[in-house]
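Report on the structure
What follows is the residue order along each chain.
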Amino acid sequence: MDGAVGFLVGACRVPRDKVHKIIEAMPSLLSHSVEDNLRPKMVFLVEELGIAPDRVGALLLKFPQTLGLSVEGNLRPTVKYLTDDLGVAHEEIGRILVSAPQLLGLSVKTNLKDKVRYLTEELGIPRSRLGQVVAKCATLLTLNVDKNLRPKVEFLVNEAGFSLDDIIKAPN
C-alpha cells in the first residue's frame, strides 16, 4: 500500500492531503505494482506526451482511472487518434489531457468516432479544423451527443439565434 501512495505523492506530485480522493475513486490502485503498472503510465504521460511532472497530480485528481488504463491498449491509441486522425498538434496534447483527462478513458471505436461523426456530419465542422476545435474545447469529446451536445446546439441555434458558424468558431 505504501508503494502506491508514496508513488502518488512523490513521482506524481499529488498533495498528501488529496491522495484519498484518488484512492476512493480507484481503490484497486493500492494493489498495483509501482514498477510494472504505475511508473510506465507516468513515463508515458511525462516523456511521451510532454505533461510536466507537476501537472500529473492535477490530471490524476480529475481522472484517477488513468492509472488503471493500459498504455498500449488505451492511452497510446487514444492519443494517436487525437493527433493522427483529428489533427491535434502533438505539442498541445499534454495541455488538452490535463484539462480533459477523461478523454483517455474513452474508446476510440465506440465513443470518440461517434462524437467526431456528429461534429463533422451534423455540425459541418471541416475535418481539417477538428484538431483546432478539440484543442480549443477538448471537453466537447467528453459530452454525450444525444443528452448534451445536440440539445445545446439546438438551443443555441433555435432559441438563442446563433448560427452553426458561430458555434464552430467559438465551441467553448
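Along each chain, the written sequence defines residue order, and numbers are assigned to residues from 1. Local features in this predicted model are restricted to residues of pLDDT 70 or higher, and side-chain atom pairs are both shown and tallied only at a pLDDT of 80 or more, whereas totals for entire chains, interfaces and linings draw on every residue. Hydrogens and water are ignored here; the side-chain numbers use all heavy atoms of the structure.

**Quick look at the pattern of salt bridges**
What counts here: Salt bridges are defined as contacts in which a side-chain nitrogen from Lys or Arg sits within 4 Å of a carboxyl oxygen from Asp or Glu. Helical segments are the DSSP runs of H or I of at least four residues, strand segments are the runs of E of at least two, and each set is numbered from the N terminus. Exposure is judged per residue with a 1.4 Å probe applied to protein chains only, and the accessible area is read against the type maximum: over 50% gives exposed, under 20% gives buried, and values in between give partly exposed.
Under the counting rule described, the total for this entry stands at eight salt bridges. Here E35 and R39 are joined by a salt bridge, their closest N and O atoms 3.0 Å apart. With E35 and R39 both in helix α3 (residues 34-48) and four residues apart, the pair spans about one turn of that helix. A salt bridge links K80 to D84; its shortest N-O distance comes to 2.9 Å. Taken together, the residues K80 and D84, both in helix α5 (residues 71-85) and four residues apart, mark about one turn of the helix. With a relative accessible area of 49%, D84 lands in the partly exposed category.

**Some details on the layout of surface pockets**
Test applied: Think of a 1 Å grid over the protein atoms and nothing else: a 1.4 Å probe that fits but is trapped marks a cavity, an open set flanked by protein within 12 Å on at least five of seven lines marks a pocket, and residues with an atom within 4 Å of a point count as lining. Grid points are joined across faces, edges and corners, and a volume is the space filled by probe spheres set on the points.
Estimates place the volume of the largest pocket at around 280 Å³. The wall of the largest pocket is formed by 17 residues, among which L140, V153, L156, I167 and P171 lie closest to the centre. Where the lining of the largest pocket is concerned, the elements lending two or more residues are α9 (145-158) and α10 (164-169). It is α9 that provides the largest number of residues to the lining of the largest pocket, a total of four residues.

**Points about the packing of helix α7 (residues 108-122) against α9**
So the rule is basically this: The axes used here are C-alpha line fits, helices contributing only the stretch in contact, and every angle between their N-to-C directions lies in the interval 0 to 180 degrees. Our angle categories are set so that under 35 degrees counts as roughly parallel, over 145 as roughly antiparallel, 65 to 115 as roughly perpendicular, and the remainder as oblique. A crossing counts as left-handed when the near helix is turned anticlockwise from the far one by less than a right angle, and as right-handed when that turn is clockwise. Contact definition: two residues touch when any of their heavy atoms are within 4.5 Å. Any residue that is not Ala, Val, Leu, Ile, Met, Phe, Trp, Tyr, Cys, Pro, Asp, Glu, Lys or Arg is counted as polar, Gly included; the first ten are nonpolar and the last four charged.
The geometry of α7 relative to α9 is characterised by a closest axis approach of 11 Å and an angle of 20° between their N-to-C directions. If you check the angle between α7 and α9, you find them roughly parallel. When you trace α7 past α9, the crossing you get is right-handed. Between α7, through K115, Y118 and E122, and α9, the contact on the second element is made entirely by V145, L149, R150 and V153. For the contact of α7 with α9, the per-class residue count stands at four nonpolar, no polar and three charged.

**Digging into helix α6 (residues 90-99)**
Among all positions in α6, only I93, G94, I96, L97 and V98 are buried. Looking at the buried residues of α6, the elements they touch are α4 (53-62), α5 and α8 (130-136).

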